[in-house]
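Now for the letters of each chain:
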Amino acid sequence: QVEVPVAFNGPHWNFAAMPPRVQRERLGLTMEDFRQELEDDEEEVLDFLSDGYERATDWDLDEDTVPVDLSIPNVVWVLGLPQVNSEKLPKLRNVLQNKLFSGVDDIDMPMDEASDTTHGFAILTFPSAEAAQAAKALDGYSLDKQHSLVVMLADEVEEIRNHPEELEERDFQRAENIMMRADTRDWLVDDEGRAREQLLLRYQEETAIYWYDSMKPTPELCYGGEREKAEGKLWCDGKVEWSPQGSFLVTHHKPGVALWGGDEFDKRARLAHKGVKGIQFSPDESFLLTWDGTHHSQKVPNAVKLWRVIDRELVKELPVPPFAPHVGGEWPAFLWSHDGKYLVSRSATSITISNPSEKTSKKLMFKGAADPDKANVLACSDVESFDISPTANILAVWSPEDKNTPARVCLVDLQERVVICSRNLFNIADAQLIWQAEGRFLTVKATKLTKSKKTGHTCLGILRVHDKDVPVDMIDIKAPVKAFAWEKRGNRFAVLQTDDQGHMPQMVIFQVAEKVQQVAVLSLQGIQGNFTQIHWAPEGNYFVLSGAGDIIFGHCTVDNKVEILHKAEHFQLTDVIWDPSSRYVTTAVTVPLQQAKYSSEAGFTLWTFYGRKLYHQHTEKLHWVLWRPHPTSLLGMEKVGKIRNELKTYTKKFDRADDEEKRARRQEFEQERKRQLSAFEDYMSEIREWHREESESLGWAQAWEELENKVKWEEKVVTTEEELEKTEEVIS
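It should be emphasised that the depicted structure is a prediction, and the values quoted were computed from it without experimental measurement.

Trainee: Honestly, the pairing of strand β37 (residues 562-569) in this entry has me stumped. Any pointers?
Mentor: The two faces of a sheet get side chains in turn, since along a regular strand they alternate between them. Bridging between strand β36 (residues 550-556) and β37 involves 7 bridges; their strand directions are antiparallel. Looking at the pairing, I551 lines up with A568 of β37.

Trainee: Sorry if this is basic, but what is going on with helix α9 (residues 647-698) here?
Mentor: Two residues of an α-helix separated by three or four positions point the same way, owing to the 3.6 residues in each turn. Helix length check: α9, at 52 residues, gives a terminal C-alpha distance of 74 Å against a target of 76 Å (1.5 Å per residue), a fit within 8%. At the C-terminal side of α9, G699 shows a positive phi close to 85°.

Trainee: So what exactly am I meant to see when it comes to unusual backbone geometry here?
Mentor: The bulk of non-glycine residues show a negative phi, and the bulk of peptide bonds are trans. Residue P332 is bonded to the preceding W331 through a cis peptide linkage, with omega at 5°. On the secondary structure map, P332 appears in the loop between β17 (313-318) and β18 (335-336). Even without being glycine, N427 reaches a positive phi, approximately 55°. Mapped onto the elements, N427 comes out in the loop between β25 (418-425) and β26 (428-435). According to the relative accessible area criterion, N427 is partly exposed, its value standing at 33%. A positive phi angle, close to 70°, is found at S582, a residue other than glycine.

Trainee: Would you take a moment to explain the sheet that holds strand β35 (residues 542-547) for this structure?
Mentor: Within a sheet, adjacent strands bond to each other through the backbone by hydrogen bonds, running parallel or antiparallel. With respect to topology, 4 strands assemble into an open sheet ordered β34-β35-β36-β37, the strand pairing being antiparallel. The open sheet has two edge strands, β34 (533-536) and β37, and neither has a second partner. The average angle at which neighbouring strand axes cross in this sheet is 20°, direction not considered.

Trainee: What is the right way to read a nonpolar patch on the surface from this model?
Mentor: There is a patch of nonpolar side chains on the surface, built from W704, L707, V711 and W713 and spanning about 470 Å² of accessible area. Its relative accessible area of 65% is what places W713 among the exposed residues.

Trainee: It is not clear to me how the pairing of strand β33 (residues 516-523) should be interpreted in this structure. Could you clarify?
Mentor: Pairing analysis gives 7 bridges linking strand β32 (residues 506-512) to β33, with the strands arranged antiparallel. Looking at the pairing, Q506 lines up with S523 of β33. If you look at the hairpin formed by β32 and β33, you'll find 3 residues sitting between the two strands.

Trainee: Sorry, what's going on with the nonpolar core here?
Mentor: In summary, soluble globular proteins display a tendency toward joint burial of nonpolar side chains. L96, F101, M109, L124 and F126 are the most contacted members of the largest nonpolar core, which totals 21 residues. Put simply, the parts of the chain that give this core at least two residues each are β1 (75-79), α3 (89-100), β5 (121-125), α4 (129-135) and β6 (150-153). The dominant element in this core, judged by the number of residues it contributes, is α3, at 4 residues. Formed by 19 residues, the second largest nonpolar core is a distinct cluster that contains W398, A431, L463 and V465.

Trainee: Please explain a positive patch on the surface as it appears in this structure.
Mentor: Together, R612, K662, R663 and R666 make up a positively charged patch on the protein surface. Using a relative accessible area of 43% as the deciding quantity, one classes K662 as partly exposed.

Trainee: What should I look at first to understand the sheet that holds strand β9 (residues 220-223) in this one?
Mentor: Strand order in the open sheet made by the 4 strands is β9-β8-β7-β42, with antiparallel pairing throughout. Lying at the two open borders of the sheet, with one neighbouring strand each, are β9 and β42 (622-627). Within the sheet, the average angular offset between the axes of one strand and its neighbour, ignoring direction, is 30°. Here 7 bridges tie strand β7 (residues 197-203) to strand β8 (residues 206-212), and the two strands are oriented antiparallel to one another.

Trainee: Explanation requested: the side chain of Q511 in the structure shown.
Mentor: Within the fold, Q511 resides in strand β32. When its relative accessible area of 17% is taken as the criterion, Q511 is described as buried. Within the local environment of Q511, its side chain forms a polar contact with the side chain of N491, the two groups lying 3.4 Å apart. In this structure the side chain of Q511 is engaged in a polar contact, spanning 3.2 Å, whose partner is the side chain of N560. Residues within four places of Q511 in sequence aside, it is in contact with N491, R492, V516, Q517, V519 and N560.

Trainee: How should the environment of D402 be read in this particular structure?
Mentor: Note on placement: D402 falls in the loop between β23 (394-399) and β24 (407-413). Overall, the relative accessible area of 46% leaves D402 in the partly exposed class. With 20 residues separating them in the primary sequence, D402 and D382 have C-alpha atoms 8.7 Å apart.

Trainee: Mind showing me how you'd approach the confidence of the model for the protein here?
Mentor: Low pLDDT marks regions whose predicted coordinates should not be analysed in detail. Chain-level statistics for the protein give a pLDDT mean of 82 and a share of 83% at 70 or above. Here residues 164-177 is modelled with pLDDT under 50, and outside its nearest four sequence neighbours on either side it reaches 16 contacts, counting other chains as well. Between residues 364-370, whose pLDDT stays under 50, and residues either more than four places distant or in other chains, the model counts 22 contacts.

Trainee: Quick question: what am I supposed to make of the side chain of T608 here?
Mentor: As for its position among the elements, T608 is in strand β40 (residues 603-608). Note on T608: relative accessible area 7%, which makes it buried.

Trainee: Even after reading the chapter, I still don't get the packing of aromatic side chains, so can you show me in this structure?
Mentor: Aromatic ring pairs are described here by two measures, namely the spacing of the ring centres and the angle between the planes. In this structure the tally under the stated criterion is 21 aromatic pairs. Where W77 meets F121, the ring centres are 5.3 Å apart and the plane angle is 15°; that geometry is what we call stacked. Residue W77 is found in strand β1, and its partner F121 is found in strand β5; the two are separated by 44 residues along the sequence. Here W77 and F121 have matching classes, each one buried. Centroid distance F609 to Y610: 5.0 Å. Interplanar angle 90°. Geometry classified as edge-to-face. Its relative accessible area of 35% is what places Y610 among the partly exposed residues. Site record: aromatic cluster; members linked through ring pairs are Y223, W235, W242, W260 and F265. Taking NZ or CZ as reference, R196 lies 3.6 Å from the ring centre of W211, over its face.

Trainee: Looking at this structure, I do not really get the pattern of salt bridges. What am I missing?
Mentor: Any two side chains of opposite charge can pair, so long as their charged atoms come close to each other. Evaluated as defined, the whole model comprises 20 salt bridges. E313 is the partner of R308 in a salt bridge, and the nearest nitrogen-oxygen pair spans 2.6 Å. Considered together, R308 and E313 belong to a single accessibility category, that of buried residues. Between R692 and E696 there is a salt bridge; the shortest N-O distance is 3.1 Å. Of this pair, R692 and E696 are both found in helix α9, 4 residues apart, which corresponds to roughly one turn of the helix. Beyond isolated ion pairs, a larger network of salt bridges with shared partners links R227, E228 and D266.

What counts, and where the lines are drawn
Residues numbered from 1 in each chain as written. Predicted model: local features only at pLDDT ≥ 70, side-chain atom pairs only at ≥ 80, totals over all residues. Heavy atoms only, no water. Pairing = 2+ DSSP bridges. Helix = DSSP H or I, 4+ residues; strand = E, 2+ residues; numbered from the N terminus. Expected span 1.5 Å × (residues − 1). Buried < 20%, exposed > 50% of the residue type's maximum accessible area, 1.4 Å probe, protein only. Axes fitted to C-alpha atoms, helices over the stretch in contact; angles between N-to-C directions. Patch = residues over 30% accessible without salt bridge, like charges linked within 9 Å, V, L, I, M, F, W, Y side chains within 5 Å. Areas by Shrake-Rupley, 256 points an atom, 1.4 Å probe, with all protein chains shown as cover. Salt bridge = Lys/Arg side-chain N within 4 Å of Asp/Glu carboxyl O. Core = buried A, V, L, I, M, F, W, Y, C linked by side-chain atoms within 4.5 Å. Lys, Arg positive; Asp, Glu negative; His and termini not counted. Charge placed at Lys NZ, Arg CZ, Asp CG, Glu CD. Polar contact = N/O pair within 3.5 Å; in protein donor to acceptor, adjacent residues only side chain to side chain. Contact = heavy atoms within 4.5 Å. pLDDT = per-residue confidence, 0-100. Phe/Tyr/Trp six-rings, centres within 6.5 Å; stacked < 30°, edge-to-face > 60°. Lys NZ or Arg CZ within 6 Å of the ring centre and 35° of its normal.

Okay, here's the thing in structure tokens:
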């Protein structure tokens, strides 16, 4: 029986990369099942060998003999399967062959003759080594709450079997440092299956994580450093931030950074780097860069450290690159590819692409490189800025205009190491590269100069990255542009613009179809406020306009009809943050951590996506308000599309649950109100009894009676009439 621990639920931790002894310990096996299968395979191999080969433990070969390749790269072992009897075996085989591992040639699941059940593993044969390697993508896949798959190549199983028991000390150390990631998604739903969000607050000397559910009137504290406070410690004295997929909370300290996770936010890692000022995760959270805040000119060789998160290993130390990816920035000084495979930085004359998984920093050669010793250098001496696609290993490079050389934007395939396309742009300056969130389009937002090169207007170059030959659409916007933003999903982008005098503000929405065309205009004339930013919801369609304390909640339908849902104010507004589900918006007034004085307006407000205020909290010295990011969905795009199409079916179910929750809370509120009213009436009865007894004992009752007998009271009744409304109706 193969017992797979929860450590392998995380989709990013490679089981095969762990030390062999750790693998055996994690699997909880004596390897008897493996050894029996391998011995059977060994007998079959020996049947095909010549008589000159003798059965030996190591199969030693003479110098004159030809080695035989005994590897089987197209065979995969799948562990962690449920143990089923012969009746349920066809159903399990169907799941493996048709739903999980499509294209498999053969599936063998050995049976225990005594119990008539499988051993909990399967041996899969694929038509090619490439197909077998692709099957490893399901390593860590959860069939259900009790069964998670461990997918290994057969050659890896053989390596574990033959690995000596004695391991080096560093292997033991790394095994002890392996962290678990089984609980990185548990926080998304409660015990009843209700979706919920987490909100991080960093204020004064406090760091606290709250649950938020719109069904409840206020956020509920999840963890506020109670464990550290009980030990007389301060949980965090610096910056705080979430990892990209929300698996970890990162706290900054003078000696370095700490990673926290799990239901109770236990410490998962402590990475020593004195004076850390900035960090940068790879998108898959496999690696982490830490920076000590020094400048390139200081020539610090270990200013940046690269860590592998799973085992806290320091992979390498790096100096700060002389140039950041974006003009005017200092950190981040590197860029990660979307899959964490490539780390990109820029020197004075080149862009360097490295593979962080290789401690030797093996260079990746671009085709046509002049010097093979600089295999990871892309020769672009005049690069001003660069950026990587959020969904593909495509690097966009911007070279400014220089004398007779026009400005140029290039797209480079990092994996194939070839230039996909190169486009020249004339009379262009001050360019900015902006990727659409799905990586389908790249915008070059720049200033197009007149012939005199003294004045200019905004010009947008839209590159259709997924189309053949990467066509470019050019859009000239004569009016001054205050803001530009792509919708998070889809093919629309919005521009905030005014006339030359700064009047007549409006939001213009464009759509990329066969041509880039203007599809909607939202006039802001007559609406008080100076709007300078556009914030699209993560799921698209809804947006927030903000600036100088004014807020507009808006909606753009799929057929491009724009409407204002609500207008609100938040004095001295500094931050607008959508939650990952697009249900809530946070507006906040925050102050820098180093700022000595505090803002009297510091605090935050929670809104619905359509602008209804849910909650407001005034918090002095509020530094950060951060929603916890959601991990990457395990559902495929087809499944997501099906859910979207059948959303009404799901909403009926959740609406019923919400109604039941509201009814239960209403009954609870009414019962609590009756309890408090009853307690109040009992208290008043006690007061009245006490007053009666005191009046009698002190003589107040007798004195009051005597006063009434002496004074002649006259009772008068006054009637007042007032006409509230008068209506006349003519009846013909």
